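Working through the structure, step by step
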Amino acid sequence: MTPLDHADPTLPNDLSAFWMPFTDNRAFKAAPRLLARAKDMHYFTPDGRALLDGTSGLWCVNAGHTREPIVEAIRREAGELDYAPSFNLAHPKAFEFAQRLTAILPAGFDQVFFGNSGSEAVDSALKIALAYQRAIGQAGRTRLIGREKGYHGVGFGGISVGGLPNNRRAFTLLPGADHIRHTLDPAQAFTRGQPENGVDLADDLERLVGLHGAETIAAVIVEPVAGSAGVIVPPKGYLERLRAICDRHGILLIFDEVITAFGRLGAATAAERFGVTPDLITLAKGLTNAAVPMGAVGVRGAIYDAVVGASPAGIELFHGYTYSAHPLAVAAGRATLELYAAEGLFARAAGLEARWAEAVHSLADAPHVKDVRNLGLMAGIELEPRGEAVGKRGAEVFQLCFDSGALVRVTGDTVALSPPLIISPEQIDELVGRIREALQRVD
Ligand SMILES: Cc1ncc(COP(=O)(O)O)c(C=O)c1O
């Protein structure tokens, strides 16, 4: 029992039953932080205090909160078609939405596979990669390669290719998964945008090819910009070289764009922003503006054709979810894409990037700051840890910001920012100002 001392009937009196994800449950339940509603750039606590959202919830509410066209679309669909299976049945709007989605993906991406989260998108993409290799007569290619510090959700596939030790330690992993080196380089701290040096880090894939043999490797998955590890921007030329090495060895390249798509980098996808086209793209979060859970895998037509074409009549891919292409998610997704287009939000993010970079890099002289990294409307402000207490200073900055009216995200001792794309220049200054105040107050 964790009783709360209040008389408000809209608030819980007991927090014990909800086992909260990725949370220090004991600390949270002793001092809860509750969010009761949200509008545009703000969350509101149950007592009505406004919090400027510097993180789009969890990198996902790209168009801002409770936007009317999305709310209305969900409301309408809930009264029309609550649910329809997608196994050998379907609802018409699922096809239309898939079509609209492929239209904003790079040329040649002709199909999408739907799930309900980023984790499901990742595990679906890994399975599709294995199915493709098998379909083209490369069944020996079963190895999946990720990157150190990578985050690909919490499925067994995702944690196997993921490179964050805490997420892996306690669990059994897929056999054969391996990792290339990460690209975080302290020697290039305070770089604006992409670091100059480090293209050769992509050659680490050649090391794994040499070690394991290309004929055992199905796919490589990377976040184009690593988010959860604290915003790690790829060095110039790095993604291009990774693409070239994959091509040389018949390895599929998967971009995990769960965070980087839908305007976060000022374009529909990171693939578009960097001009590097992978074979598969995982999507979630901003896909529906997070209003209804949804994940998706964008697939090159050639991959779909190979898997479907190589299969005897009948089901071609033994994979799918009860809620694949759920009507409410499809409705939310369609309204979200329309809103992005109507308000030109991807271009808006691109237009704000220089202002954003200026503002976050102004924190370089604030206490405890050891690096500032940015791209698009993303930024990582890495702090010196307090001695052995890794993460403690970051957690205190988070709390001070929360108390002063700004929601930021911390991962370890890095403050990770990814505001809704509707943020105003004044709100950028407010957000950065609150972080500066917190840095001045923390030990
Ligand atoms: C790059 C990336 N992949 C996958 C995921 C997992 O998404 P979900 O939490 O929706 O399963 C995340 C979540 O932050 C992510 O950042």
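Residues numbered from 1 in each chain as written. Predicted model: local features only at pLDDT ≥ 70, side-chain atom pairs only at ≥ 80, totals over all residues.

**Here we look at the site of the ligand**
Every one of the 14 residues lining the ligand counts as a neighbour, but S117, G118, S119, G153 and V258 are closest to it. By residue number, the principal contributor to the shell around the ligand is helix α5 (residues 118–135), which donates three residues. Class assignment for the residues of the shell around the ligand results in five nonpolar, seven polar and two charged. (Near = placed C-beta within 6 Å. Helix = DSSP H or I, 4+ residues; strand = E, 2+ residues; numbered from the N terminus. Nonpolar A, V, L, I, M, F, W, Y, C, P; charged D, E, K, R; others polar.)

**Looking at the pairing of strand β11 (residues 369–375)**
Here β11 lies mainly inside the structure; six of its seven residues are buried. Bridge count between β11 and strand β12 (residues 378–383): six bridges; the pairing is antiparallel. When the bridges of β12 are listed, N374 appears paired with A379. Where β11 hands over to β12, the hairpin turn is made up of two residues, of which G376 adopts a positive phi near 55°. (Buried ≥ 20, exposed ≤ 12 C-beta atoms within 10 Å, placed from the backbone. Pairing = 2+ DSSP bridges.)

**Considering the domain arrangement of the protein chain**
For the protein chain, the assigned domains read domain 1 (33–63 + 344–441) and domain 2 (70–342). The distance between the C-alpha centroids of domain 1 and domain 2 comes to 26 Å. Taken together, the elements giving at least two residues each to the side of domain 1 that touches domain 2 come down to α2 (56–59), α13 (345–361), β11, β12 and β15 (414–417). Residue contributions to the side of domain 1 that touches domain 2 peak at seven residues, all from α13. (Domains from an automatic or database assignment.)

**With respect to the sheet that holds strand β10 (residues 295–300)**
Strand order across the open sheet formed by seven strands is β4-β10-β9-β8-β7-β5-β6, with mixed pairing between neighbours. The strands lining the two open edges of the sheet, one partner per strand, are β4 (109–115) and β6 (178–180). Neighbour to neighbour, the strand axes of the sheet diverge by 25° on average, direction disregarded. With three bridges connecting them, strand β5 (residues 143–147) and β6 associate as parallel partners. Looking across to β6, one finds that I145 is bridged to D178. With respect to the sheet, α5 is in contact with β4, β5, β7 (217–222), β8 (252–256), β9 (280–283) and β10, its orientation differing from that of β10 by roughly 30°. Across the sheet, helix α8 (residues 204–212) is in contact with β5, β6 and β7; its angle to β6 comes to roughly 150°. (Axes fitted to C-alpha atoms, helices over the stretch in contact; angles between N-to-C directions. Contact = placed C-beta atoms within 7 Å.)

**Brief notes about the packing of α13 against helix α15 (residues 425–441)**
The contact between α13 and α15 brings their axes to 10 Å, and the two run at 20°. Comparing the axis directions of α13 and α15 gives the class roughly parallel. Pair α13 / α15 crosses with right-handed handedness. Each of R355, W356, A359 and V360 in α13 lies in contact with α15, whose residues at this interface are P425, I428, D429 and V432. Here the residues of the contact of α13 with α15 are counted per class, giving six nonpolar, no polar and two charged. (Parallel < 35°, antiparallel > 145°, perpendicular 65-115°, else oblique. Left-handed = near helix turned anticlockwise from the far one by under 90°.)

**Some words on the sheet that holds β12**
Across the sheet, four strands lie side by side as β11-β12-β15-β14; this open sheet has antiparallel pairing. Where the open sheet ends on each side, the last strands, each with one partner, are β11 and β14 (409–411). Between one strand axis and the next, the sheet turns by 20° as a mean value, whatever way the strands run. With three bridges joining them, β14 and β15 adopt antiparallel strand pairing. Within β15, the residue paired with T411 across the bridge is T414. The strands touched by α13 are β11, β12 and β15; relative to β11, the strand with the most contacts, the crossing angle is about 175°.

**What about the pairing of β10?**
Of all six residues in β10, six are buried, a share of seventy percent or more. Side chains G295, V297 and V299 project from β10 onto one buried face, and the interleaved A296, G298 and R300 project onto a second face that is buried too. Bridging between β4 and β10 involves six bridges; their strand directions are antiparallel. Along β10, the bridge assignment pairs F109 with R300. When β9 meets β10, the two strands line up antiparallel, connected through four bridges. Bridge pairing in β10 links T282 to V297.

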